[in-house]
Amino acid sequence: MSIHENLLGGPPPTHLPDDPEPRELLASGAAPSEVAAKYPASSLAWAQLADEAFEAGRVVESYAYARTGYHRGLDALRRSGWKGHGPVPFEHEPNRGFLRALHALARAAQAIGEQEEYERCSAFLRDSSPTAANTLG
């Protein structure tokens, strides 16, 4: 038996490939808009844009940024073998951009009164990564 075998019989965790350039640019203080323009597939850049817009009270803009990051993340997950369900561990740093975008989408949906979207995204986040749901709030 492999040490990484899923004993519950569910799908294996999905680990997105590392894409360090956008993460490093953001960590060095680059503007998220510049990073998103240079690396439009980076869920992390879109999630950070969503966070900044939300904090500034621009909730609809936050929703749009979060939705972009969410969809870019879904594309990356599918390319990595994800079949629409299963763990997406927050502990694997390259997964965090997608999980942050999903959290931001839930938060913005709730803020604009889109309750079904809020509930769907919140459940998706919990199902994908309980750690992300607890860490991100």
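Residues numbered from 1 in each chain as written. Predicted model: local features only at pLDDT ≥ 70, side-chain atom pairs only at ≥ 80, totals over all residues. Heavy atoms only, no water.

Per an unreviewed UniProt entry, the protein chain goes by DUF3151 domain-containing protein and derives from Streptomyces roseoverticillatus.

Student: What should I look at first to understand the environment of Ala108 in this one?
Tutor: Inspection of the secondary structure puts Ala108 in helix H5 (residues 96–111). Taking the C-alpha atoms as reference points, Ala108 and Val60, separated by 48 residues in sequence, lie 7.2 Å from one another. (Helix = DSSP H or I, 4+ residues; strand = E, 2+ residues; numbered from the N terminus.)

Student: Explain the environment of Pro11 here, please?
Tutor: Looking at the element boundaries, Pro11 is found in the segment before helix H1 (20–27). Judged by its relative accessible area of 28%, Pro11 is partly exposed. Residues Pro11 and Gly86 lie 75 residues apart in sequence; the distance between their C-alpha atoms is 5.4 Å. (Buried < 20%, exposed > 50% of the residue type's maximum accessible area, 1.4 Å probe, protein only.)

Student: Honestly, the confidence of the model for the protein chain in this entry has me stumped. Any pointers?
Tutor: Interpretation of this model should avoid reading the predicted coordinates in detail wherever pLDDT is low. Chain-level statistics for the protein chain give a pLDDT mean of 94 and a share of 94% at 70 or above. Here residues 1–5 is a poorly scored stretch, pLDDT under 50, and it has one contact once near neighbours within four places are set aside; other chains count. (pLDDT = per-residue confidence, 0-100. Contact = heavy atoms within 4.5 Å.)

Student: I tried to follow the nonpolar core on my own but got confused; where do I start?
Tutor: Inside soluble globular proteins, nonpolar side chains tend to come together where they are buried. Within the largest apolar cluster, 24 residues are counted, with the highest numbers of intra-cluster contacts made by Tyr70, Leu74, Leu77, Phe98, Leu99, Leu102 and Phe124. For this core, the elements supplying multiple residues, two or more each, are helix H4 (59–79), H5, helix H6 (115–128) and helix H7 (130–136). The dominant element in this core, judged by the number of residues it contributes, is H5, at eight residues. In this structure Leu74 touches Trp82, Phe98 and Phe124, once residues within four positions along its chain are discounted. (Core = buried A, V, L, I, M, F, W, Y, C linked by side-chain atoms within 4.5 Å.)

Student: Even after reading the chapter, I still don't get the pattern of salt bridges, so can you show me in this structure?
Tutor: If charged atoms from side chains of opposite charge come close, those side chains can pair. Counted under the stated rule, the structure contains eight salt bridges. Here Asp51 and Arg107 are joined by a salt bridge, their closest N and O atoms 2.9 Å apart. Here Asp51 is found in helix H3 (residues 43–55), whereas its partner Arg107 is found in helix H5, with 56 residues between them in sequence. Side by side, Asp51 and Arg107 carry an identical accessibility label, which is buried. Each of the salt bridges in this network shares a partner with another, and the network as a whole consists of Asp18, Arg23 and Glu93. (Salt bridge = Lys/Arg side-chain N within 4 Å of Asp/Glu carboxyl O.)

Student: Looking at this model, I keep getting lost on the side chain of Thr14. Mind explaining?
Tutor: One can find Thr14 in the segment before H1. Its relative accessible area of 6% is what places Thr14 among the buried residues.

Student: When you look at the packing of aromatic side chains in this model, what are you seeing that I'm missing?
Tutor: The description of an aromatic ring pair rests on the distance of the ring centres and on the angle between the ring planes. Per the stated rule, a full pass over the model turns up five aromatic pairs. Consider the rings of Trp82 and Phe124, whose centres lie 6.0 Å apart with planes at 20 degrees: the pair is stacked. Within this pair, whereas Trp82 is found in the loop between H4 and H5, its partner Phe124 is found in helix H6, the two being separated by 42 residues in sequence. Residue classification places Trp82 among the buried positions, given a relative accessible area of 7%. The exposure class assigned to Phe124 is buried, which follows from its relative accessible area of 15%. Ring plane angle 65 degrees and centroid distance 5.9 Å describe the contact between Phe98 and Phe124, whose orientation is recorded as edge-to-face. Here Phe124 lies in helix H6 and Phe98 lies in helix H5, a separation of 26 residues in the sequence. Phe124 matches Phe98 in its accessibility class, with the two residues each being buried. Connected via pairs of aromatic rings, a cluster forms that spans Tyr70, Trp82, Phe98 and Phe124. Stacked on the ring of Phe90, the Lys or Arg Arg96 has its end atom at 4.5 Å from the ring centre. (Phe/Tyr/Trp six-rings, centres within 6.5 Å; stacked < 30°, edge-to-face > 60°. Lys NZ or Arg CZ within 6 Å of the ring centre and 35° of its normal.)

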